[in-house]
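# Residue-level structure breakdown
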Amino acid sequence: MSQIYNFNPGPAILPQSVLLKIKKNFLNWNNSNFSIIEISHRSQQFIEETMQIEKNLRDILDIPENYNILFCHGGARGQFSAIPLNFVKNFIQPDYINSGYWSLSAAEEAKKYCKPNIIDVRRLTKDKKIYIESTKFWKISSKNTYLHYCPNETIEGIEIFEEPEFHNTIIIGDFSSTILSRQINIKKYGIIYACAQKNIGPAGITIVIIRNDLLFNLNNKIPSILDYNLLIKSKSMLNTPSVFSWYVSGLVFKWIKDLGGLKIIEKNNKQKAKILYKYLNTTSFYKNYILPSNQSRMNVTFHLQQKNLTHTFLEQSEKYGLYGLKGHSIVGGMRASIYNAMPIQGIKSLIKFMKFFEKKFS
Ligand SMILES: *Cc1c(COP(=O)(O)O)cnc(C)c1O
């Protein structure tokens, strides 16, 4: 069999060099004589490690000094609750943009704690292609509140590249599946958060980047584990963190830094997505339903013209060494998640298989 590639949406592929480093140091981390999964999170050695990890993340994302970085429990869904819970004293009617499954899930969760104003920004062209209305036309309800949105809808494969800008509104972004895939201007956001298992590291840790001035007068009658001020005060160690996920995330940050940072990563990701969408454009055997301006660079969704062949496609692609291509059940079809760690050879191998399959069945 040829080389195996992992197209899973999350937990997802990690850089091979990172996996090898974990393996090499697994029984004796940093000359401690212990495995990283046996180390105390309160040990001087690990605390120093977390400081270096934070510094590297700050460098690659260019995070200004007036932002705190948290390493939390609870995944992205934890933040779906944490955000409205922390802010409910100040913002009772926040705006929630609906661009797909995850952004709508965040809004549904917020309904438990406040009265979100849900704004649907999905549109269809005459020939039934999905696109997202330009942020300039988003009908946000009111000023002086926060606006939650999701720049990459992992399930549908829809990405919003435009950065929303509204005066007197705090922009909050669920960057779970696009963080570290391209450069972003942190200063435009009040909060950016992302679970780890797409583009950062193993599941179990969630990164929250939050601007200092938002931390005043927050609701503190909430579970301590979701309380931003308590988490900042305890340096993300209010309780025992996922030491392993934190450590591996640090290795991934270092990998990005050594590659030359997000500029290089973004260039590679553009190139990878381009060749795959270009191929999809040349054939009617496969279909992608997203307008090019919103085609995700991380999650490429496609369907077979002959839908009854989907199962066969998935079966045969695995035999070919291409794993995790099954689309999410709510959209069906196929999805190739091509996060940072997916090498361009993986994309080429996928296209080769798709051509072969097309020839065989068309
Ligand atoms: C995966 C994902 C989530 C859910 O993350 P969990 O850590 O499983 O809660 C939320 N939002 C987006 C955009 C995602 O891709």
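For clarity, every value in this text was computed on a predicted model and none was experimentally measured. (Residues numbered from 1 in each chain as written. Predicted model: local features only at pLDDT ≥ 70, side-chain atom pairs only at ≥ 80, totals over all residues. Heavy atoms only, no water.)

## Looking at the overall build of the protein
What the protein contains, in helices and strands, is nine helices and 16 strands. Expected size for 362 residues packed as a compact globule is a radius of gyration near 21 Å; at 21 Å, the protein falls within 12% of this value. Taken over the C-alpha atoms alone, the protein extends approximately 60 × 55 × 30 Å along its principal axes. Across the 362 residues in the protein, those meeting the buried criterion constitute 56%. Contacts in the protein between residues at least 24 apart in sequence constitute 67% of all its contacts with a sequence separation of at least 6. Surface exposure of the protein reaches about 16700 Å², of which carbon and sulfur atoms provide 53%. Between the mean site of the 46 positive side-chain charges and the mean site of the 27 negative ones, the protein shows a separation of 5 Å. (Helix = DSSP H or I, 4+ residues; strand = E, 2+ residues; numbered from the N terminus. Rg over C-alpha atoms; globule rule 2.2 N^0.38 Å. Buried < 20%, exposed > 50% of the residue type's maximum accessible area, 1.4 Å probe, protein only. Contact = heavy atoms within 4.5 Å. Areas by Shrake-Rupley, 256 points an atom, 1.4 Å probe, with all protein chains shown as cover. Lys, Arg positive; Asp, Glu negative; His and termini not counted. Charge placed at Lys NZ, Arg CZ, Asp CG, Glu CD.)

## Quick look at the UniProt feature "modified residue: N6-(pyridoxal phosphate)lysine" (unreviewed entry) in the protein
As annotated in UniProt, the feature "modified residue: N6-(pyridoxal phosphate)lysine" (unreviewed entry) corresponds to Lys-198 in the numbering used here. With respect to the helices and strands, the residue Lys-198 is situated in the loop between β11 (191-195) and β12 (206-211). Contacts of Lys-198, omitting those with residues within four sequence positions, involve Pro-9, Gly-10, Ala-12, Ser-176, Ser-177 and Tyr-339. (UniProt positions renumbered as here; feature names shortened; annotations may be inferred.)

## Examining the packing of aromatic side chains
All told, the structure shown has 26 aromatic pairs when counted by the stated rule. Centroid distance Phe-175 to Tyr-189: 5.4 Å. Interplanar angle 90°. Geometry classified as edge-to-face. With Phe-175 in the loop between β10 (169-174) and β11 and Tyr-189 in the loop between β10 and β11, this pair connects stretches of sequence that are 14 residues apart. Each member of the pair, Phe-175 as well as Tyr-189, carries the same accessibility label: buried. Look at Phe-285 and Tyr-286: their rings are 4.9 Å apart centre to centre, the planes differ by 80°, and that puts the pair in the edge-to-face class. Per residue, the accessibility class of Phe-285 equals that of Tyr-286, and both read buried. (Phe/Tyr/Trp six-rings, centres within 6.5 Å; stacked < 30°, edge-to-face > 60°.)

## Re unusual backbone geometry
In this chain, Gly-10 is followed by Pro-11 through a cis amide linkage whose omega measures -5°. Structurally, Pro-11 can be placed in the loop between β1 (5-6) and α1 (16-25). The phi torsion at Asp-62 lies on the positive side, around 55°, for a residue other than glycine. Turning to its location among the elements, Asp-62 is positioned in the loop between α2 (44-61) and β2 (67-72). For Asp-62, a relative accessible area of 61% translates into the label exposed.

## A word on the environment of Tyr-96
The topology assignment puts Tyr-96 in strand β3 (residues 95-98). Residue classification places Tyr-96 among the buried residues on the basis of a relative accessible area of 1%. A C-alpha to C-alpha distance of 23 Å links Tyr-96 and Met-298, two positions 202 residues apart in sequence. Within the local environment of Tyr-96, its side chain forms a polar contact with the side chain of Tyr-146, the two groups lying 2.8 Å apart. (Polar contact = N/O pair within 3.5 Å; in protein donor to acceptor, adjacent residues only side chain to side chain.)

## Digging into the site of the ligand
Taken together, 14 residues lie around the ligand, and Arg-77, Thr-154, Asp-174, Gln-197 and Lys-198 are the ones closest in. Within the contact set of the ligand, an oxygen atom lies 3.0 Å away from a backbone nitrogen or oxygen of Ala-76. The separation between an oxygen atom of the ligand and a polar side-chain atom of Thr-154 is 2.4 Å. Protein chains bury 87% of the 390 Å² of accessible surface belonging to the ligand in isolation. Among the elements that make up the shell around the ligand, the one with the highest residue count is helix α3 (residues 75-87) (four residues). Looking at the shell around the ligand residue by residue, the classes come out as five nonpolar, six polar and three charged. (Near = heavy atom within 4 Å. Nonpolar A, V, L, I, M, F, W, Y, C, P; charged D, E, K, R; others polar.)

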